[in-house]
Amino acid sequence: MKPETTGYTEGHGERPELARDLKLSHAGAIVVGTIIGSGIFLVPQEMMQAVGSARIVYLAWVVGGVLSFFGALTYAELGAMKPQAGGEYVYVRDAYGPLAGFLYGWTWFLIAKPASIATITTGLVRTLATFPAFAFFSHTCFSTSSALHLFSVTYGQLAAIVAAIAITWLNYIGVRRAGEFQFLFTLLKVAIILAIVVVGFSYRGGTWANFATEFAGAKGGIAGFFAALVAALWAYDGWNDLNMVAGEIRNPQRNIPLSLIWGVATVGVLYILVNAAVQYVMPAASVAASARPAADAVAMALGHAGASLVSIGIAVSMFVTLNGTTMSGARVPFAMSRDGYFFQSIAKVHPRFHTPSVALLVQCGLSIILLLIGGSFRQFFSLAIFAEWLFYMISGSTVFIFRWREPDAVRPYRVLGYPVVPALFVVVSAILLYYTFTDNLRYSAEGCVAILAGVPIFYFFKMKRRREPTSQGNHHNP
């Protein structure tokens, strides 16, 4: 059977197109598998240090889950209404014009996704390095020096690059293969998380009294709560990636809303269970003192083998997240190029595999450059988080623009609780954007400079597009 395509056409004959090969199971796995990375295993310490109370940590998890759910509801309407490759790029472009859409796509292409891939692969290597067999990751593989600079690459950097290349290749040879990988390994990831929950609650030394304990050295106050909330939202981050591959989802008007709503709800339940298991085993002060609370909690129940189980879970989790991130990231520059606002080679679809092959390769190349330049997990994360929250806010606001401008448009799904639900999501995104900007001034400022650098590049492509109006074969003509 010939795969259903996105509907992009060219003036002279047909060209290869993206195939709608992702089923509901694949779409749900993209949501769940991309969200659950290393965050749930690592952020309980940061959250406890921020608020100092097991109860308020729970409150941050619940608030973060509700806000993410509100975002998913908002994106469900947008995705069902505009089921095209590129997701947020399409919404921003259609609501605020081609310049705003380009700046989103430029930022996503240049900063957010390469930094996210570098973050995930760096975290994956850091997790694997806890096993004695991978202790050599910290050793230098080769180095060169000059009068001005010493350049060295560790085995860990090479391992991160290999992981990025391997997942890019998987996505290159077919979105269905990448979707099946996502589905199977998401099931494995969920099974490991449930095993951690069962082990935690089976610990004989655990007690419900731990839930009433406090950590005296916490930051506390409103600032502390927002720090905990940002950590929780980072753990929930990734649900929006599904909308980027909307052009390859079967029956998107039904499957996008279902996957987003049930996927985010499932993750929320799993996160609450893991946090409960950790706090059942460890009092607040112990959680605040542990760099790996989930691993330490399971180790108390099962010994060293328990800690290894959690490390394996983190590694599997991050590998699946890497797949979802790689899959979604390439669709944005692809859609932008199809509109004629970027290099046309990036708009190419592989004639055999029906994937945005060039976009995938360029994205991988940018990630490798970041990994070779070097940087810490926190630096890559800080570089990505500002751009992500900025466009969460902008993309979420487009639902109001479309409701006002296109009141009679076909909407297979309408966001529950409109206008309150999307308004709360946009307002909180703005607050968190301010918080992340002030908390990481250097990287946020660099992000702003990179975004603004896209303005002259947009006008370059706009003039080029005007000179060649018949050669673009655009799906969209703003």
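As the structure is a computational prediction, the values presented were derived from the model and not from experiment. (Residues numbered from 1 in each chain as written. Predicted model: local features only at pLDDT ≥ 70, side-chain atom pairs only at ≥ 80, totals over all residues. Heavy atoms only, no water.)

## Digging into the environment of Leu370
For step 1, the next point in the chain: Within the secondary structure layout, Leu370 lies in helix 15 (residues 357-373).
For step 2, the next point in the chain: Classification of Leu370 by relative accessible area gives buried; the value is 19%.
For step 3, the next point in the chain: For the pair formed by Leu370 and Ile161, sequence separation is 209 residues and the distance between their alpha carbons is 9.8 Å. (Helix = DSSP H or I, 4+ residues; strand = E, 2+ residues; numbered from the N terminus. Buried < 20%, exposed > 50% of the residue type's maximum accessible area, 1.4 Å probe, protein only.)

## As for the side chain of Gln45
For step 1, the next point in the chain: Residue placement: Gln45 occurs in helix 2 (residues 39-51).
For step 2, the next point in the chain: One polar contact links the side chain of Gln45 to the main-chain carbonyl oxygen of Ser290, over a distance of 3.3 Å.
For step 3, the next point in the chain: Setting aside chain neighbours within four positions, we find Gln45 in contact with Val287, Ala288, Ala289, Ser290, Ala291 and Pro293. (Polar contact = N/O pair within 3.5 Å; in protein donor to acceptor, adjacent residues only side chain to side chain. Contact = heavy atoms within 4.5 Å.)

## As for the nonpolar core
For step 1, the next point in the chain: In terms of nonpolar packing, the biggest core is built from 139 residues, with Phe41, Met47, Trp61, Trp239, Leu242, Leu260 and Tyr271 touching the most fellow members.
For step 2, the next point in the chain: Broken down by element, the residue count for this core peaks at 14 residues, all from helix 3 (residues 54-81). (Core = buried A, V, L, I, M, F, W, Y, C linked by side-chain atoms within 4.5 Å.)

## A short note on the packing of aromatic side chains
For step 1, the next point in the chain: Tallied over the entire structure, the rule returns 35 aromatic pairs.
For step 2, the next point in the chain: For the pair Phe102 and Phe342, a centre-to-centre distance of 6.4 Å together with 65° between the ring planes defines the contact as edge-to-face. Remark: Phe342 occurs in the loop between helix 14 (331-338) and helix 15 and Phe102 occurs in helix 5 (residues 98-128); sequence separation between them is 240 residues. For the pair Phe102 and Phe342, one class covers both residues: buried. (Phe/Tyr/Trp six-rings, centres within 6.5 Å; stacked < 30°, edge-to-face > 60°.)

## Section: the confidence of the model for the protein
For step 1, the next point in the chain: Of the residues in the protein, 90% have a pLDDT of 70 or more, and the chain-wide mean is 85.
For step 2, the next point in the chain: Taken element by element, the protein is modelled with least confidence in helix 18 (residues 441-452), mean pLDDT 74, and with most confidence in helix 4 (residues 88-96), mean pLDDT 94.
For step 3, the next point in the chain: This model gives residues 1-13 a pLDDT under 50, and the stretch forms 22 contacts once residues within four places in sequence are excluded.
For step 4, the next point in the chain: Predicted confidence is poor over residues 470-474, with pLDDT under 50, and the contacts of this stretch with residues over four places away or in other chains come to eleven contacts. (pLDDT = per-residue confidence, 0-100.)

## Re the side chain of Arg20
For step 1, the next point in the chain: Relative to the helices and strands, Arg20 resides in the segment before helix 1 (24-35).
For step 2, the next point in the chain: Among the polar contacts made by the side chain of Arg20, one reaches the main-chain carbonyl oxygen of Ala246 at a distance of 2.7 Å.
For step 3, the next point in the chain: Looking at Arg20, its side chain comes within polar contact range of the main-chain oxygen of Gly247, at 3.4 Å.

## Overview of the environment of Gly52
For step 1, the next point in the chain: Note on placement: Gly52 falls in the loop between helix 2 and helix 3.
For step 2, the next point in the chain: On the basis of relative accessible area, Gly52 is assigned to the buried category, the value being 3%.
For step 3, the next point in the chain: Each C-alpha atom of the pair Gly52 and Leu302 lies 27 Å from the other, and the pair is 250 residues apart in sequence.
For step 4, the next point in the chain: Not counting chain neighbours up to four residues away, the residues in contact with Gly52 comprise Met47, Thr213, Glu214, Phe215 and Ala218.

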